[in-house]
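# Coordinate inspection notes
The primary structure of each chain is shown beneath.
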Amino acid sequence: MQNKGLIKLFAFLFGLVSIYQLSFTFIAGKSESDAEKFAISQISEAEDDYVTKREDLETSYLDSIGSDPILGYTSYDDAKKWELNKGLDLKGGINVTLQISVKDILKGLADNTRNPIFNKALADADMASRNSDDTYLELFFEAFDNIKGDTKLGSPDIFANKTLSDVINFQMSNDEVKPIIRTKIDESIESAFEVLRERIDGFGVTQPNIQREGNSGRILVELPGARDIARAQELLSSTAQLEFWETYPQNSPGISQFIFSANERLRDILEPKEEVKDTLASAESEIDSLLSDVAQDSLDLTAESNPLLSKLLPAGNNAIAQVAIADTAEVGSYLRMPEIRRLLPADVQFVKFAWERLSRDSESELVGLFALKSNRDKVPAMSGDVIIDAASEIDPYSNKPKVTMVMNTRGAKEWEDVTGEVFKNQTGIAVVLDEKVYTAPGVSRGAISGGRSEITGDFTLVETKDIANVLRAGKLPASAEIIQSEVVGPSLGQEAIDSGFMSFMIAMAFVLLWMIFYYGKAGIFADIALVFNIVLIFGVLTSLGAVLTLPGIAGIVLTIGMSVDANVLIFERIKEELERGKGKAQAVADGFSNALSSILDANITTGLTAVILFIFGSGPIKGFATTLLIGIVTSLFTAIFITRLLVDWYISKKGRDLQFSTSMTKGLFKNMNINFLGKRKIAYIISLVLVGIGVFSLFTTGLQQGVDFVGGRSYQIRFDQPVNPSEIASDLNVVFGSGTNVKTFGESNQIKVTTPYKVDVEGIEVDAEIQDKLYTSLQKYLPDGTSFNDFTVGASEKSIGILQSVKVGPTIADDIKKNAFWAIIGSLAVVFLYILLRFRRWQFSLGAVTAVFHDVLIVLGIFSLTGAIMPFNMEIDQAFIAAILTVIGYSLNDTVVVFDRIREVVGLKGWKNGDHINEALNSTLSRTLNTSLTTLIVLLAIFIFGGESLRGFMFAMIVGVIVGTYSSVFIATPIMFDALKKKISSGQE
């Protein structure tokens, strides 16, 4: 081997850098472990809320030691920045995909025009977007072109307005306006991206990740380690639309008259046939008494006869009434009804009703209802875009947290005018953030000058910090809807780490022992290279800032099994060269040289499928592809160079004899003479039967599609005792309607609930509603005293409740399906072309791709046939697609090695009607069975010890490896031979 010194130097430096990078992970982990032990020693489990207190103490401990030097070259704070990133499934936290509303941006660019053509085009684009893969902007342009008539995008009442007058004028054609709008949309989405980045930086989690997904208007946000899930979701989805509105007073005659009239009209609408007694002598005086502190007993009103009045209670703080939280949806729907809005008197006809925003920690069951002074254009008295700074502070008088705001010069003048008007009218000024009233104080000392203001209320310190954070970062240019989310509790993340580590150690131990058992002393050298390979994989992952996920651990473990393949190929070729009578040094050199072609071809085909997986996958699947790609590169380096260095070093010393087998494996698979091609018709029949049964099942039974493909929400829930999923399904179908699926997930005390309930409705309010319904329905199965907070995601160190939740909107589910389809087709096309280029005959490509189709159909068929009876999750999701693509990669890996040997043997000896093909197949039998066995054992270790979430994924790969090993010999090679048979018989080959 040439340049041994250079390779040694490179290996030494590569290994040193990897160990250096990994040292940060160990240092950060050691510091956090010390902090945890300290917190446990200081706070007993007997204390109230001991978990939260321990977490706070851990944080304080780490803050106090953060800058202290460790080992002379780093500190905890620095180590934390450079440690190996752990993904959501290993650390817990939240992963969301936000869809920025292009519709909102278009309306903003058009200055909220009332142009009927523009608004009709928006409505048509809404309809078309449900069944189209095109972007919303292109659908809008298409809809506008279909109905435009003489109207142009550059009309003064559309885009040639004051805001865009510097770039668009009314003389421009639609084709000239469209690229400008595309640029403006892209700028707005980039603005939203930066606003979210600012907010996330202020949220306080380590190693957050935020990235745009092409030009789709989607933004992916990952917050590993985020424990306050509700806070994270609110922070991400709030637009930070700050507004200041003057309120109507509680005794406003117009509002009082409207509420009474609305109650009367609702009585007729809801109970048109029922006669209602006139129990109110004086409408105005009665409504005034209702909305003041007069005892409600004076009014004998019932919910049946007074659908609105019965739900309104006296209020303070400039609210017109208080309403039970459970009744807010009903009251809100009443006040939005067109026939009710028409009852508004002229002096309050543009009133805007808004709800109070309660603190997350509030125990109140009532929420305030405010009447805000609005106008025809629904424009507030003042908007929040004048805020230039905001901060969270403690009020020295009340000792409560508050938000202070500083305004620019224009804002200071507007604020003085608004507060002066409020003082004159003796009303209130409502501070409204994202349609919720945070506070509505009055002004007692006249107009406020200087541009400084405060937001006070019933807030926690965390809430005021978040409010100040979003105000500083600025408002989103459009609403951001969470169309996909995954929430993992920290306890489930720790279980994933434990199970992944267990499977890793078991698989590693088996492979190391097997190599020594089969190859003796040479196997020890392969093991050293393998251990070095693992160090390099983790070092590269850390250096690149890649995220380690549970499928990523599976990718590393799979790399262990597959990286053995290169050493097996090399050692088998060395044994062949020794049998030909060559000297040890020459046999080693020729063995490495002759095996190189097969090793490269096999790894390139696997690498191509991993690249496709990386391009079309998302989240954890990208993690799997990343580790597989890194593993392929490092295993090639260690097998070809490190193993060679060790073997050459050993045999270079006189008197040393290196055998490549043991007494038990010497001569194994030697002189095999199986007529594989002669048995191909039997193999064809077996395969046709298996594929036929599978395809029939696919058309009749189908597959269990997960929420990734159909949309919906799923929850992994654990109880303290075994539960009956059928009984729970009956309870939940009453609450959520038909379609809710419940099944055991792992142990008998754990279930997975999947529901399509309100799948089309976006917003964190729906998520909260579903969790509330789950808690209410499942309360009888939970231990006494289990609170809603104990049940929902986010509680640390918990053993019951929701451990994980996943939400996938119908639009993104369609995209996932499409990407999965193109991932499989793309990988097959790429590999077909690669094999065609390498082997120069389309028959080789045909055999390989046919074998892959055969393998995929059998795996799908087995999933369809056994999905209902297997005791583990058999849903088809993104992880399953990753498994299918890995099966494709493995099958091709095996097939390419076989084809490579066939090409070599036939090139030397000719075809001889297929006899030499059989000879080539027999010569690769030792390698095929060795690699398949080690890979299978590795997969079984992950299947048994790797955790419930990986079992379906691993089962698909176990079936795929077995079928792939079979197909490379009995399907791919015979198909190739039959396609070439005529040319062989005629002597053309």
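Note that the structure is predicted; figures quoted are calculated from it, not measured.

### Notes on the overall build of the chain
Summing up its helical and strand segments, the chain has 31 helices and 22 strands in all. Across the 989 residues of the chain, 53% fall into the buried class. When contacts within the chain are restricted to residue pairs at least 6 apart in sequence, long-range pairs at least 24 apart make up 73% of them. Split by element, the accessible area of the chain, about 44,200 Å² in all, is 56% carbon and sulfur.

### Quick word on the sheet that holds strand S13 (residues 401–407)
With respect to topology, three strands assemble into an open sheet ordered S12-S13-S16, the strand pairing being antiparallel. Bordering the open sheet on either side are strand S12 (387–394) and strand S16 (452–455), each of which pairs with just one other strand. Ignoring which end each strand starts from, the neighbouring axes of this sheet average 25° apart. Pairing of S13 with S16, which is carried by four bridges, proceeds in the antiparallel orientation. By the bridge assignment for S16, Val406 is matched with Arg452.

### Structural notes on the packing of aromatic side chains
For the coordinates displayed, the defined rule picks out 29 aromatic pairs. Both rings, one in Phe637 and one in Phe641, keep their centres 5.7 Å apart while their planes meet at 45°; by these two values the pair is tilted. Highlighted residues: Phe637 and Phe641, both in helix H20 (residues 620–651), separated by four residues, approximately one helical turn. Here Phe637 falls in the buried class, since its relative accessible area comes to 12%. Among the residues examined, Phe641 registers a relative accessible area of 29% and is labelled partly exposed. In this structure an aromatic cluster arises from ring pairing among Phe510, Trp514, Phe517, Tyr518, Tyr519, Phe571 and Phe660. Sitting over the ring of Phe592, Arg644 keeps its end group 5.1 Å from the ring centre. Positioned above the aromatic ring of Trp649 is the side chain of Arg656, whose terminal nitrogen or guanidinium carbon lies 4.9 Å from the ring centre.

### Quick look at the pattern of salt bridges
Overall, the coordinates contain 33 salt bridges when judged by the stated rule. Residues Asp395 and Lys402 are paired through a salt bridge, measuring 4.0 Å at the closest nitrogen-oxygen approach. Taken individually, Asp395 and Lys402 each receive the classification buried, so the pair is uniform in this respect. Here the salt bridges share partners, and the residues they tie into one network are Arg573, Glu576, Arg901 and Glu904.

### Looking at the packing of helix H5 (residues 102–109) against helix H7 (residues 136–147)
Viewed as axis vectors pointing N to C, H5 and H7 meet at an angle of 55°, and their least axial separation amounts to 9 Å. One element, H5, and the other, H7, form an angle in the oblique class. When the axes of H5 and H7 are compared, the crossing they make is right-handed. For the pair formed by H5 and H7, the contact residues are Val102, Lys103 and Leu106 on the first element and Tyr136, Leu137 and Phe140 on the second. Tallied by class, residues from the contact of H5 with H7 come to five nonpolar, no polar and one charged.

### Re the nonpolar core
Side chains of nonpolar character tend, in soluble globular proteins, to be buried together. Of all hydrophobic cores here, the largest spans 133 residues; its most connected members are Phe571, Phe880, Ile888, Ile917 and Phe953. At 17 residues, the largest contribution of residues to this core is made by helix H28 (residues 878–909). If sequence neighbours within four positions are ignored, Ile888 has contacts with Thr609, Ile824, Ser827, Leu828, Val852 and Val856. The next biggest cluster of nonpolar side chains, apart from the first, holds 45 residues, and it includes Val96, Leu122, Ala125 and Ile210.

### Looking at the sheet that holds strand S10 (residues 366–372)
Strand order in the open sheet made by the seven strands is S8-S10-S9-S15-S14-S7-S11, with mixed pairing throughout. With one partner strand each, in any of the chains shown, strand S8 (321–324) and strand S11 (382–383) form the two edges of the open sheet. Bridge count between strand S14 (residues 429–433) and strand S15 (residues 436–439): three bridges; the pairing is antiparallel. Paired with Leu433 across the bridge in S15 is Lys436. Relative to the sheet, helix H12 (residues 328–336) contacts S8, strand S9 (352–356) and S10, its axis offset from that of S9 by approximately 170°.

### Some thoughts on the packing of helix H19 (residues 584–616) against H28
When two helices pack together, their arrangement is captured by the angle between the axes and the distance separating the axes. H28 packs onto H19 with a crossing angle of 160° between their chain directions and a minimal axis gap of 8 Å. Of the possible angle classes, the one that applies to H19 and H28 is roughly antiparallel. Judged by the sense of rotation from one axis to the other, the crossing of H19 with H28 is right-handed. Across from Ser597, Ser598, Asp601, Ala602, Asn603, Thr605, Thr606, Thr609 and Leu613 in H19, the residues of H28 making contact are Ala882, Leu885, Ile888, Gly889, Leu892, Asn893, Val896, Val897, Asp900 and Arg903. Residue classes in the contact of H19 with H28 are distributed as eight nonpolar, eight polar and three charged.

### Let's talk about unusual backbone geometry
Of note in this structure, Leu71 is not a glycine but carries a positive phi near 60°. Structurally, Leu71 can be placed in the loop between strand S1 (69–70) and strand S2 (74–75). Using a relative accessible area of 69% as the deciding quantity, one classes Leu71 as exposed.

### A few points about the pairing of strand S7 (residues 242–246)
Walk down a regular strand and you will see the side chains alternate between the two sheet faces. Within S7, five of the five residues are buried, leaving the element largely enclosed by the surrounding structure. Because side chains alternate across S7, one face comprises the buried residues Leu242, Phe244 and Glu246, and the other comprises Glu243 and Trp245, equally buried. Two elements, S7 and S14, share five bridges in a ladder whose sense is antiparallel. Within S14, the residue paired with Glu246 across the bridge is Ile429. Relative to S11, S7 is paired through two bridges, and the arrangement is antiparallel. Note on S11: the bridge partner recorded for Glu243 is Ser383.

### Regarding the environment of Leu936
Among the structural elements, Leu936 can be located in helix H30 (residues 925–945). In the structure, Leu936 is positioned 26 residues away from Ile962 in sequence and 8.0 Å away in space, judged by C-alpha atoms. The contacts of Leu936, once residues within four sequence positions are left out, are Ile958, Val961 and Ile962.

### Focus: the confidence of the model for the chain
Per-residue pLDDT for the chain has a mean of 81; in total, 88% of the residues score no lower than 70. Under a pLDDT of 50 for its full length, residues 273–302 has, in the predicted model, 34 contacts with residues more than four places off or in other chains.

### As for helix H17 (residues 521–544)
Compared with an ideal rise of 1.5 Å per residue, which puts 24 residues at 34 Å, H17 spans 35 Å between its outermost C-alpha atoms and is within 8% of the ideal. By the criterion of burial, H17 is predominantly enclosed, with 17 of the 24 residues buried. Residue Gly545 follows H17 closely and has a positive phi angle near 70°.

### Structural notes on the side chain of Glu572
On the secondary structure map, Glu572 appears in helix H18 (residues 550–579). Ignoring sequence-local partners within four residues, the contact set of Glu572 consists of Tyr518, Tyr519, Ser926, Arg927 and Asn930.

### Remarks on a nonpolar patch on the surface
Among the surface-exposed residues, Leu6, Leu9, Phe12, Leu13 and Leu16 lie close enough to one another that they form a single nonpolar patch of about 520 Å² accessible area. Here Leu6 is to be found in helix H1 (residues 4–42).

### Section: the side chain of Lys575
For Lys575, the location among the structural elements is in helix H18. For Lys575, a relative accessible area of 15% puts it in the buried group. Sequence-distant contacts of Lys575, that is, excluding residues within four places in its chain, are made with Tyr518, Tyr519, Phe660 and Ser661.

### Side note on H28
Helix length check: H28, at 32 residues, gives a terminal C-alpha distance of 46 Å against a target of 46 Å (1.5 Å per residue), a fit within 8%. Extensive coverage of H28 is indicated by the burial of 27 of its 32 residues. Of the residues one or two after H28, Gly910 is the one with positive phi, at around 85°.

### Focus: the environment of Tyr20
When you line up the elements, Tyr20 lands in helix H1. With a relative accessible area of 43%, Tyr20 lands in the partly exposed category.

Cut-off values and rules
Residues numbered from 1 in each chain as written. Predicted model: local features only at pLDDT ≥ 70, side-chain atom pairs only at ≥ 80, totals over all residues. Heavy atoms only, no water. Helix = DSSP H or I, 4+ residues; strand = E, 2+ residues; numbered from the N terminus. Buried < 20%, exposed > 50% of the residue type's maximum accessible area, 1.4 Å probe, protein only. Contact = heavy atoms within 4.5 Å. Areas by Shrake-Rupley, 256 points an atom, 1.4 Å probe, with all protein chains shown as cover. Pairing = 2+ DSSP bridges. Axes fitted to C-alpha atoms, helices over the stretch in contact; angles between N-to-C directions. Phe/Tyr/Trp six-rings, centres within 6.5 Å; stacked < 30°, edge-to-face > 60°. Lys NZ or Arg CZ within 6 Å of the ring centre and 35° of its normal. Salt bridge = Lys/Arg side-chain N within 4 Å of Asp/Glu carboxyl O. Parallel < 35°, antiparallel > 145°, perpendicular 65-115°, else oblique. Left-handed = near helix turned anticlockwise from the far one by under 90°. Nonpolar A, V, L, I, M, F, W, Y, C, P; charged D, E, K, R; others polar. Core = buried A, V, L, I, M, F, W, Y, C linked by side-chain atoms within 4.5 Å. pLDDT = per-residue confidence, 0-100. Expected span 1.5 Å × (residues − 1). Patch = residues over 30% accessible without salt bridge, like charges linked within 9 Å, V, L, I, M, F, W, Y side chains within 5 Å.

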